[in-house]
Amino acid sequence: PRQLQRRVSLERQLNLIKESNAGAYKYLYLFDPNNEKLIASTNPNWQAPPASHQALLQESRQPGLNEFVYILNEENTSSVVIANQVLATDVDGNPSGEISAILVASVGLHAPLKGEDQILLQTLGNSGAIMLVDESKKILASSSAKDIDSDAQFLAQKIEIGSEGSKILKVPDGREFQ
């Protein structure tokens, strides 16, 4: 009964986080790395983490590395899945070095790129766009309302992997993009 009360309380907290950040999270869950059980989840049908999460949960157990970010294909769309270690504390409230749980959150790639945010619109202007490109230079998400065109594909091929920033590039017809 006590464990059930704990689960219900934690699920209530996770759902509150999800609902207070409307549209940001697809799901959240807590995983116990010691007994490999699901502690709580915003998805009431889950009895265990998704099978596709086994590798990321294994990697997330590494001591000293608090947060891991993955891009996974889920339900025919790519998602950013973030795994964050929840560290146990000693009686004084200091981290003990033990991992008591792993908090996992999934965010749709397009959620932060919707273009509805006024700051984003002001920064990009009428023709600007933000693209998320993977290590194979495939465009995973774009803030542009139009389809990913040949200009975007060309620019994606010119991106330096592991970098972020701004530079001016010319597309084959001579137009400049920054």
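The residue numbers shown here count from 1 along each chain, following its written sequence. Predicted model: local features are reported for residues with pLDDT of at least 70 only, side-chain atom pairs are reported and counted for 80 or more only, and whole-chain, interface and lining totals are derived from all residues. No hydrogens and no water enter the side-chain calculation; it runs on all heavy atoms of the structure.

Draft legend 1. Up close: the sheet that holds strand β4 (residues 77–89). One open sheet accounts for five strands, arranged β2-β1-β5-β4-β3; its pairing is antiparallel. The outermost strands of the open sheet, each flanked by one partner alone, are β2 (37–41) and β3 (67–74). Within this sheet the neighbouring strands show an average axis-to-axis angle of 30°, counted without direction. Two strands are said to pair when DSSP picks up at least two bridges between them. What counts as a helix is a DSSP run of H or I of at least four residues, what counts as a strand is a run of E of at least two, and both are numbered from the N terminus. Looking at chain direction, β4 and strand β5 (residues 95–108) are connected through 10 bridges and run antiparallel. Of the residues in β5, the one forming a bridge with Leu87 is Ile99. The contact criterion used is simple: two residues touch if any of their non-hydrogen atoms lie within 4.5 Å. Angles shown run from 0 to 180 degrees and are taken between the N-to-C directions of axes, each axis being a line fitted to C-alpha atoms and, for helices, limited to the stretch in contact. Against the sheet, helix α1 (residues 2–20) makes contact with β1 (27–32), β2 and β5, and its axis sits at roughly 55° relative to β2, the strand it touches most.

Draft legend 2. Layout of the environment of Glu59. In this structure, Glu59 sits in helix α2 (residues 54–59). A C-alpha to C-alpha distance of 9.5 Å links Glu59 and Ala83, two positions 24 residues apart in sequence. Every residue in contact with Glu59, bar those within four places of it in the chain, is listed here: Phe68 and Tyr70.

Draft legend 3. Looking closely at the packing of aromatic side chains. Note on aromatic contacts: the rings of Phe and Tyr and the six-membered ring of Trp form a pair at centre separations within 6.5 Å, being stacked when their planes are under 30 degrees apart, edge-to-face when over 60 apart, and tilted otherwise. Evaluation of the coordinates by the stated rule reveals four aromatic pairs. Judged by centre distance (5.7 Å) and plane angle (75°), the ring pair of Tyr29 and Trp46 falls under edge-to-face. In this pair, Tyr29 sits in strand β1 while Trp46 sits in the loop between β2 and α2, placing the two residues 17 residues apart along the sequence. Relative to Tyr70, the ring of Phe68 has its centre 6.3 Å away and its plane inclined at 20°; by these criteria the two rings are stacked.

Draft legend 4. Structural detail: the environment of Lys170. Checked against the element boundaries, Lys170 lands in strand β8 (residues 169–170). Along the backbone, Lys170 and Phe154 are 16 residues apart, and their C-alpha atoms lie at a distance of 9.5 Å.

Draft legend 5. Fine view of the pattern of salt bridges. The salt bridge criterion pairs a side-chain nitrogen of Lys or Arg with a carboxyl oxygen of Asp or Glu, the two atoms within 4 Å. In this structure the tally under the stated criterion is two salt bridges. The partner of Glu11 in a salt bridge is Arg7, and the shortest N-O contact between them spans 2.9 Å. Note that Glu11 and Arg7 are positioned in helix α1 at a spacing of four residues, about one turn of the helix. Here the term buried applies to any residue with accessible area under 20% of the maximum for its type, exposed to any over 50%, and partly exposed to those in between, with areas from a 1.4 Å probe on protein chains only. On the basis of relative accessible area, Glu11 is assigned to the buried category, the value being 18%. Close ionic contact of Arg61 with Glu36 constitutes a salt bridge, the shortest N to O distance being 3.1 Å. Here Arg61, found in the loop between α2 and β3, pairs with Glu36, found in the loop between β1 and β2; they are 25 residues apart in sequence, far enough to count as distant. Of the residues examined, Glu36 reaches a relative accessible area of 48% and is grouped as partly exposed.

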